[in-house]
Every structure is written in structure tokens, then in C-alpha cells.
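Summary of structural features
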Amino acid sequence: VLEQGRGRVAAARSLADKYDLAVKAGVGLGLTGAQQLFGATELCMKVIEEPDLVDACLEHEHQINLRTIEVLGDSGVDIIQRNGFYETADFYGPHMLEKYLGRRLRKETEAAHAAGMLMVYTAHTGLMPILDYLASLTMDSLFGIDIAFKGTDPLKLRDKLASTKSFWIGPSSTFHLWNGPQPTREAVRQVFEVFGKTGLILSPCVSAHSIMPWESTLAMIDEWKRLR
């Protein structure tokens, strides 16, 4: 299995080198994975009623993550992406997130850095109440923030986090790409105005699907070419 994994990374590395791109690998699901295991409502209850069970689940995955990061660092990967999609204030408070995740996320980032890789963290919605917590994490970049989600303040995000993190961010899949090229172009302009060119990787947040107007994605790329 180990050699099979290294073979897949080698194939990705070869293709990336051809186009001068980075190789990114996903490692870890944390409370997102636990939610898939227990169910959303059940997990929100278990972090209160059975905290040791949740902690043991997260620690088990954490140890797997550390070993996986070590292997990937020896295999030619440039970026580790940790999925934190449901590790936000949509479900948990900052003290609870720190209790269950803070130490583990910092250690996984430290392991990635020690292996010469960068660490990206997926964070989509429910971020404004946990800005101090996010600032305390040591990842290099945040991916997938929905700038159009109710209550999200891009300026506050920038002011709190931009000194230590880059932003892998762009038009909202839900609010911009679905609604066509013009809202998408406006979102790209907003992203450049707020976050600037330094520390910005423009990307659909969090994805562009075939069921969305393809013209929206083309508009995003075109506006990026104009503003970069």
C-alpha cells in the first residue's frame, strides 16, 4: 500500500513538474470525519456527554495523520491540505475547538513544515466568532472561505488573519458561480480589492461543479487575468 501511494504521488509529481505546479495531498478530516461517523446532531451531543470518546477518535486519526505527513514529505508532495470544513462555529465554540483540535492541528502543521511542506486548512463558514482561534493556528493558508455567506466580513478576516496566513479564496460557489458571469466577476474584483495580490490564490469557494454555469468559471478566470 505504501509503495502504491508513493507511485501515485510520483505520477502527480511528474505531471506537476511538466506545468510548473505544486503537488497537494489531503490529510485528515478531524471533526468533519467524526461528523460523518456519528452524525451531526449526535456528534454535537457527544462532545458534551462523551468527550473522551470524541477525543480518542480524534487522537487515533491524529496519529495516522502524523505518519501520513511524514511519508508524503519523503514522496515529493509540496502542500498538505487538512479538511476543517465542519470544524467551525457553525457547530462548536472557540474553546471547544481549541480543546479538541488546537494542539493536534499545530502539531500536524509542525510536522508538515519539518518535512518541507506547507499546510492549508479548509474553512468555509461560521468563522467570525472564531477569528482569534484561527489566528492562533499555524497553518500557512486558509482555503474555501465563503465571502458571501451571511455574517462573513472579508475585511475583518483580512485584518485578523492576513499577517500570518494567505487566502485561497474567490467567488462563492453558492452565491456567485450559480448566478452567472456578472456576479462572479464582481466577486473576483471584491477579492482583489480586499485581499490584494500578495498572499492571494484565486479559486472557487469551495468548488465549481458541472451543474453550475460554465460561463461563470470562465468569467472568474478572465477577470483574474485582467487583475493579477
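Data block above holds the structure.
These lines cover the structure that appears in this document, whether it is placed above or below. (Residues numbered from 1 in each chain as written. Predicted model: local features only at pLDDT ≥ 70, side-chain atom pairs only at ≥ 80, totals over all residues. Heavy atoms only, no water.)

1. Description of the packing of aromatic side chains
Given two aromatic rings, one states the distance between the centres and the angle between the planes to describe the pair. For the coordinates displayed, the defined rule picks out 5 aromatic pairs. With centroids separated by 5.7 Å and ring planes inclined at 85°, the aromatic side chains of Tyr86 and Phe91 adopt a geometry described as edge-to-face. Both rings, one in Phe167 and one in Phe195, keep their centres 4.6 Å apart while their planes meet at 40°; by these two values the pair is tilted. Here Phe167, found in strand E5 (residues 166-170), pairs with Phe195, found in helix H8 (residues 181-195); they are 28 residues apart in sequence, far enough to count as distant. Phe195 gets classed as buried once you look at its relative accessible area, which sits at 11%. An aromatic cluster is defined as three or more aromatic residues linked by ring pairs; in this entry it consists of Phe85, Tyr86, Phe91 and Tyr92. The ring of Trp224 has Arg228 lying over it, and the distance from NZ or CZ to the ring centre is 4.4 Å. (Phe/Tyr/Trp six-rings, centres within 6.5 Å; stacked < 30°, edge-to-face > 60°. Helix = DSSP H or I, 4+ residues; strand = E, 2+ residues; numbered from the N terminus. Buried < 20%, exposed > 50% of the residue type's maximum accessible area, 1.4 Å probe, protein only. Lys NZ or Arg CZ within 6 Å of the ring centre and 35° of its normal.)

2. Some remarks on helix H5 (residues 94-114)
Helix geometry: H5 is bent most strongly at Leu101, by close to 55°. Three or more residues of H5 are buried, namely Leu97, Tyr100, Leu101, Gly102, Arg104, Leu105, Glu108, Thr109 and Ala112. The secondary structure elements touched by the buried residues of H5 are helix H2 (30-38), helix H3 (40-49), helix H4 (51-73), strand E2 (79-83), strand E3 (118-122) and helix H6 (131-136). Backbone geometry just after H5 places Gly116 at a positive phi near 80°. (Bend = angle between axes of the 7 residues up to and from the residue. Contact = heavy atoms within 4.5 Å.)

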